[in-house]
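Observations on the three-dimensional arrangement
Chain by chain, the residues run as shown.
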Amino acid sequence: MKILKTQTLRGPNYWSIRRQKLIVMRLDLEDLKEKTSNEIEGFYEGLVKILPSLEEHFCSPGKRGGFLQRLREGTMMGHVVEHVALELQELTGMPVGFGRTRETSTPGVYNVVFEYIEEQAGRYAGRAAVRLCKAIVNNGSYSQEEFDQDIADLKDLCANFSLGPSTETIISEAEARQIPWLSLSARAMLQLGYGVNQKRFQATLTGCSGILGVELACDKEGTKNILSQAGIPVPQGTVIQYLDDLENAIEDVGGYPIVIKPLDGNHGRGITININSWEEAEVAYDLAQAASKTHSVIVERFYRGSDHRVLVINGKLVAVAERIPAHVIGDGRSTISQLIEMVNKDPNRGEGHDRVLTKIKIDPTSTAVLKKQGYAMDTVLPEDKIAFLRATANLSTGGIAIDRTDEIHPENVWIAERVAKIIGLDIAGIDVVTQDISKPLREVEGVIVEVNAAPGFRMHVAPSRGLPRNVAAPVLDMLFPSGTSSRVPIIAITGTNGKTTTTRITAHIWRQTGKVVGYTTTDGIYINDYLVEKGDNTGPGSAGVILRDPTVEVAVLETARGGILRSGLAFDRCDVGVVLNVAADHLGIGDIDTIEQMARVKGVVAETVSADGYAVLNADDPLVAAMAERVRSKVAYFSMKEDNPIVHDHLRRGGLAALYENGYLSILEGEWKLRIDEAVNIPVTMGGMADFMIANALAASLAAFAGGVDIEMIRSGMRTFKASASQTPGRMNLFNLGSYHALVDYAHNPDGYKAVGGFVLNWEGERLGVVGGPGDRRDEDLIMLGEIAAQIFDRIIVKEDDDTRGRSRGETANLIVRGIERNGTKASYEKILNECEAIEAGLDRVSKGGLVVVFPESVSRAIAAIEKRQSFNTNGKG
């Protein structure tokens, strides 16, 4: 048993629209392909011994123990690996449940699909599951040591790649509000929303966080001075840089007890409180200076009371937590070291920020704090006696939090909200020391000791005691006030043929609205008239470029089969999803072997349309029309047939459609009709002679109308869009070369050839084709290309792509020739395998008044060769 390939899906996909985070593992069972689990001696016992929790898996029987029932009765090893991969993640605190296992057309090779929370952990779980199952098959068991290491590794991966508690709190609230989010590639920043409506944040810093406020909050002495100037109660203190100044500083603040801390520290690092002697002060000074980047130290008067964190967001207090330093409570029997070990066994405690609470560490700091209380690690603490392990109350050092939001005095609320505005922070964590938060600070000598930019949310979201507070909600309210959108219109376009042309027409129509349009095609990523990146850009990565761009107001995304299968869609939902057609192309690639399976792939776009959006479907293609049964959105049909029964029934029920009727492209809804224009007046239709271009224009017009574009703008867009080499390279580009014409089209499958043939067969002169096909297509597809070419052309030059895609040189051409010969027509042919030479030969040999049609691998190269001759003729030298 071996893993052949592992893919990570991150959006709506072939396997699930709702479960977007999936691992797809292509698994070869090898010598186990004919064996079910009940035929492998000791396998059931070995698996249950190491993973008894598989009892909780329902599987197809739909009940507890259902999977183990299947295991006893006999199931294939791919199915077992799926469940083990899921359970390994469950055991490490990652709740997952979705899985699918399906055999491919290759016997013994399975696609094992399972859900993940953290991508790297999910991929590891798949490898570990295979390793575990192989060990039990071969040896009857999997060692506990190896299993424990797998669990430890998974926990580490989860912790290392997780977003952090504050970030996850904001992301969870965004997901609850259906606000999309994306990771950015720098400084752990994330993006909420798409395009021009996006907002960025990093932990609890947002795009609204002013740099002046953040810098001021990082300057503790500057913060204290500006607050004091505003009449806010702050500790009496001073800043020093040399040990020689420490004694005078202690006198300046009124003597002991004092606090010493770094000028620019955070998370409680380098802070020592309640210092009562010169010896303690010297040690504290060294600790603080070591934690300070500027080697500057604050000396302050120590104020007695509890440490409170007050959270203010967008000028309003939203939560208050009392923070208690890391501590243990005696039971009269255990040493402090043993008590720490017991406390750390709490499942809510983890390393760093990966759990609600952090484990208490035994280190020189904790030992020193204990010594100050008269304890040591081996002290048996009396029952109910508290021993503190830290002087500061940070959760990151093992402290706990108690919610006090409902107890804070109104005057203290007013002070906290003033403080946030004085410092200039949209999100402020204000540290207050007071003996009673329910009383005004001045009555109990309470003070504001610090103001923090990017405060942690963990203590408020999951306090040790008291009510959890949804502190992410006011953040999202601030970033996206009521009535504002986090999204931009997304129009996704898929199909076997016509995607690029339809995408470009749709983008051109939307340009008429004056909005900034970002779009992706097989020839590049564009924003308005500007090329962002050249190349085939029809996958989720390219779509992400558009969705991350802060200037884009509308996204029109060509969406190809390959990207859907490799990674899923780049977006969680779209507003308009267009499916043009489904034909027998790319079959046998990526475990998609039938046209029905290909329809499932293309249907992902339609099924991802939001409930109030439109799935725009080709009513003339039965496989596409059938997608209407699976969508959650509204449906709009387009058709080249005036009498299409699906469209007529749809219109009777008040539906939306686009029809080619009486020579016009028209949009209909219910009983009314809006005519866009006659096809002969729309340049992209080649004077109304190219039926497939008319179909593309119908789909684009309907997609724009469904997206809210005015009919006049659609009409203007259709009249000004041309199938030129500049606007649609490789899509019905017709060149006048004086005594003959040349046509370049990127058609590379039988349906594409037929579509172009519909136009070419109307040509009155000789028709010469320079034809080829991608080498990774099935033999029967290449033979069919030859058959169709023989029906269209009088003369044929058969060439090959530079990239033969795994075939030997000449093999693809020979299959096309077989199709030409099988057709039985009188078309003559010759083979010129080099594409450049074949194009030149075609241009040289075509008769006067004839048409050379080139189906190139490289569109730009073919166009360049033709334009060179066009320029030659224009200059009068031909």
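Please read these numbers as outputs of a predicted model, since none were measured by experiment. (Residues numbered from 1 in each chain as written. Predicted model: local features only at pLDDT ≥ 70, side-chain atom pairs only at ≥ 80, totals over all residues. Heavy atoms only, no water.)

Examining the overall build of the protein chain
A tally of regular secondary structure across the protein chain gives 28 helices and 38 strands. Overall, the C-alpha framework of the protein chain stretches about 105 × 70 × 55 Å when taken along its three principal axes. For the protein chain, buried positions account for 55% of its 878 residues. Roughly 36,800 Å² of accessible area belongs to the protein chain as shown, and the carbon and sulfur atoms make up 48% of that amount. Both charge centroids of the protein chain, one from 96 positive and one from 115 negative side chains, sit 3 Å from each other. (Helix = DSSP H or I, 4+ residues; strand = E, 2+ residues; numbered from the N terminus. Buried < 20%, exposed > 50% of the residue type's maximum accessible area, 1.4 Å probe, protein only. Areas by Shrake-Rupley, 256 points an atom, 1.4 Å probe, with all protein chains shown as cover. Lys, Arg positive; Asp, Glu negative; His and termini not counted. Charge placed at Lys NZ, Arg CZ, Asp CG, Glu CD.)

A short note on the packing of aromatic side chains
How two aromatic rings sit relative to each other is set out by the distance from centre to centre and by the angle between their planes. The final tally for this structure, using the stated rule, is 5 aromatic pairs. Ring centres 5.4 Å apart and planes at 85° place the aromatic pair Tyr14 and Trp15 in the edge-to-face group. With relative accessibility at 12%, the residue Tyr14 sits in the buried group. Connected via pairs of aromatic rings, a cluster forms that spans Tyr753, Phe793 and Phe855. Positioned above the aromatic ring of Tyr14 is the side chain of Arg600, whose terminal nitrogen or guanidinium carbon lies 4.8 Å from the ring centre. Residue placement shows Arg675 over the ring face of Tyr664; its charged tip is 4.1 Å from the ring centre. (Phe/Tyr/Trp six-rings, centres within 6.5 Å; stacked < 30°, edge-to-face > 60°. Lys NZ or Arg CZ within 6 Å of the ring centre and 35° of its normal.)

Quick notes on empty space enclosed by the protein
With the rule as written, the count across this model stands at 4 cavities of 30 Å³ or more. Here the largest cavity is characterised by a volume of approximately 90 Å³. If you go around the largest cavity, you meet 14 residues; those closest to its centre are Lys220, Thr223, Lys224, Val449 and Glu450. Residue assignment for the lining of the largest cavity shows that the elements contributing at least two residues are helix 8 (220-229), strand 12 (297-301) and strand 21 (447-453). For the lining of the largest cavity, the residue count by class is 8 nonpolar, 1 polar and 5 charged. Computed from the structure, the second largest cavity encloses a volume of approximately 60 Å³. Taken together, 13 residues make up the lining of the second largest cavity; nearest its centre are Thr538, Gly539, Pro540, Thr559 and Leu569. Taken together, the elements giving at least two residues each to the lining of the second largest cavity come down to helix 17 (540-548), strand 26 (554-558) and helix 18 (561-567). Across the lining of the second largest cavity, the residue classes break down as 7 nonpolar, 5 polar and 1 charged. (1 Å grid on protein atoms, 1.4 Å probe; cavity = no way out; pocket = protein on both sides within 12 Å on 5 of 7 lines; lining within 4 Å. Points joined across faces, edges and corners; volume = space filled by probe spheres on them. Nonpolar A, V, L, I, M, F, W, Y, C, P; charged D, E, K, R; others polar.)

Focus on the pairing of strand 13 (residues 306-313)
Consecutive side chains of a regular strand alternate in pointing toward one face of the sheet and then the other. Most of strand 13 is tucked away: 6 of the 8 residues are buried. As paired strands, strand 13 and strand 14 (residues 316-324) are joined by 7 bridges and run antiparallel to one another. Residue Ile313 lies in a different strand from strand 14, and its bridge partner there is Lys316. The hairpin formed by strand 13 and strand 14 contains 2 residues between the paired strands, and Asn314 there has a positive phi angle of roughly 55°. (Pairing = 2+ DSSP bridges.)

Quick notes on the packing of helix 7 (residues 211-218) against helix 8
The interhelical angle for the contact between helix 7 and helix 8, taken along N-to-C directions, is 105°, at an axis separation of 5 Å. Comparing their axes, helix 8 and helix 7 come out roughly perpendicular. Residues Leu216, Ala217 and Cys218 of helix 7 lie in contact with helix 8, whose contacting residues are Lys220, Gly222, Thr223 and Ile226. (Axes fitted to C-alpha atoms, helices over the stretch in contact; angles between N-to-C directions. Parallel < 35°, antiparallel > 145°, perpendicular 65-115°, else oblique. Contact = heavy atoms within 4.5 Å.)

Describing a nonpolar patch on the surface
Residues Leu243, Tyr256 and Trp278 make up a contiguous nonpolar surface patch of about 240 Å² in total accessible area. Tracing the backbone through its elements, the reader meets Trp278 in helix 10 (residues 278-291). A relative accessible area of 30% means that Trp278 is categorised as partly exposed. (Patch = residues over 30% accessible without salt bridge, like charges linked within 9 Å, V, L, I, M, F, W, Y side chains within 5 Å. Salt bridge = Lys/Arg side-chain N within 4 Å of Asp/Glu carboxyl O.)

Overview of the environment of Arg777
Turning to its location among the elements, Arg777 is positioned in the loop between strand 35 (767-771) and helix 25 (779-792). By relative accessible area, Arg777 is classed as buried at 5%. Taking the C-alpha atoms as reference points, Arg777 and Asp529, separated by 248 residues in sequence, lie 34 Å from one another. Not counting chain neighbours up to four residues away, the residues in contact with Arg777 comprise Asp585, His586, Ile589, His748, Leu782, Arg805 and Arg807.

Details of the sheet that holds strand 3 (residues 99-103)
What the 4 strands build is an open sheet, ordered 1-2-4-3; its pairing is antiparallel. The strands lining the two open edges of the sheet, one partner per strand, are strand 1 (2-9) and strand 3. Taking the axes of each pair of neighbouring strands and ignoring which way they run, one obtains an average angle of 15° across the sheet. As judged from the 7 bridges shared by strand 1 and strand 2 (residues 22-28), these two strands associate in the antiparallel manner. Within the sheet, the bridge partner assigned to Leu9 lies in strand 2 and is Leu22.

Some points on the sheet that holds strand 20 (residues 427-434)
Strands sit in the order 19-14-13-20-21 across an open sheet of 5 strands; the sheet is antiparallel. Where the open sheet ends on each side, the last strands, each with one partner, are strand 19 (400-403) and strand 21. For this sheet the average axis-to-axis angle between neighbouring strands, irrespective of direction, equals 30°.

With respect to the packing of helix 1 (residues 43-50) against helix 4 (residues 119-139)
The contact between helix 1 and helix 4 brings their axes to 9 Å, and the two run at 135°. In this view, helix 1 runs oblique relative to helix 4, as classed from their interaxial angle. Remark: the crossing between helix 1 and helix 4 carries right-handed chirality. Two secondary-structure elements touch here, helix 1 through Phe43, Gly46, Leu47 and Ile50 and helix 4 through Leu132, Cys133, Ile136 and Val137. Along the lines of polarity and charge, the residues of the contact of helix 1 with helix 4 split into 7 nonpolar, 1 polar and no charged. (Left-handed = near helix turned anticlockwise from the far one by under 90°.)

What about helix 23 (residues 711-720)?
What helix 23 keeps buried is the set Ile711, Ile714, Arg715, Gly717 and Met718. Axial view of helix 23: buried residues confined to an arc of 165°, hence all on one face. Packing partners of the buried residues in helix 23 comprise helix 16 (499-511), strand 31 (664-669), strand 32 (672-678) and helix 22 (691-706). The distance from a side-chain oxygen at the start of helix 23 to the backbone nitrogen of Glu712 is 2.9 Å, and the residue carrying that oxygen is Asp710. (Arc of directions from axis to C-beta. Polar contact = N/O pair within 3.5 Å; in protein donor to acceptor, adjacent residues only side chain to side chain.)

Details of the pattern of salt bridges
Applying the stated rule across the entire model yields 51 salt bridges. In this structure, Asp794 and Arg767 form a salt bridge, with 3.7 Å as the shortest nitrogen-oxygen distance. Within this pair, whereas Asp794 is found in the loop between helix 25 and strand 36 (795-798), its partner Arg767 is found in strand 35, the two being separated by 27 residues in sequence. Accessibility expressed as a relative area gives 33% for Asp794, which makes it partly exposed. A salt bridge links Glu780 to Arg778, with the nearest nitrogen and oxygen atoms 3.5 Å apart. On the basis of relative accessibility, which here comes to 44%, the residue Glu780 falls in the partly exposed class. Taking relative accessible area as the criterion, Arg778 reaches 25% and is therefore assigned partly exposed. What emerges from the salt-bridge pattern is a single network uniting Lys220, Glu221, Lys224, Lys261, Glu300 and Glu450.

Section: helix 8
Turning to helix 8, its buried residues are Lys220, Glu221, Gly222, Thr223, Lys224 and Leu227. On the buried face of helix 8, the contacting elements are helix 7, strand 9 (237-240), strand 10 (258-262), strand 12, helix 13 (410-423) and strand 21. Downstream of helix 8 by a residue or two, Gly231 has a phi angle that is positive, lying close to 85°.

Details of the side chain of Asn537
Tracing the backbone shows Asn537 in the loop between strand 25 (530-534) and helix 17. Here Gly535 takes part through its backbone oxygen, which lies 2.7 Å from a polar atom of the side chain of Asn537. Excluding its chain neighbours within four sequence positions, the residues that come into contact with Asn537 are Thr520, Thr521, Thr522, Gly524, Ile525 and Ser542.

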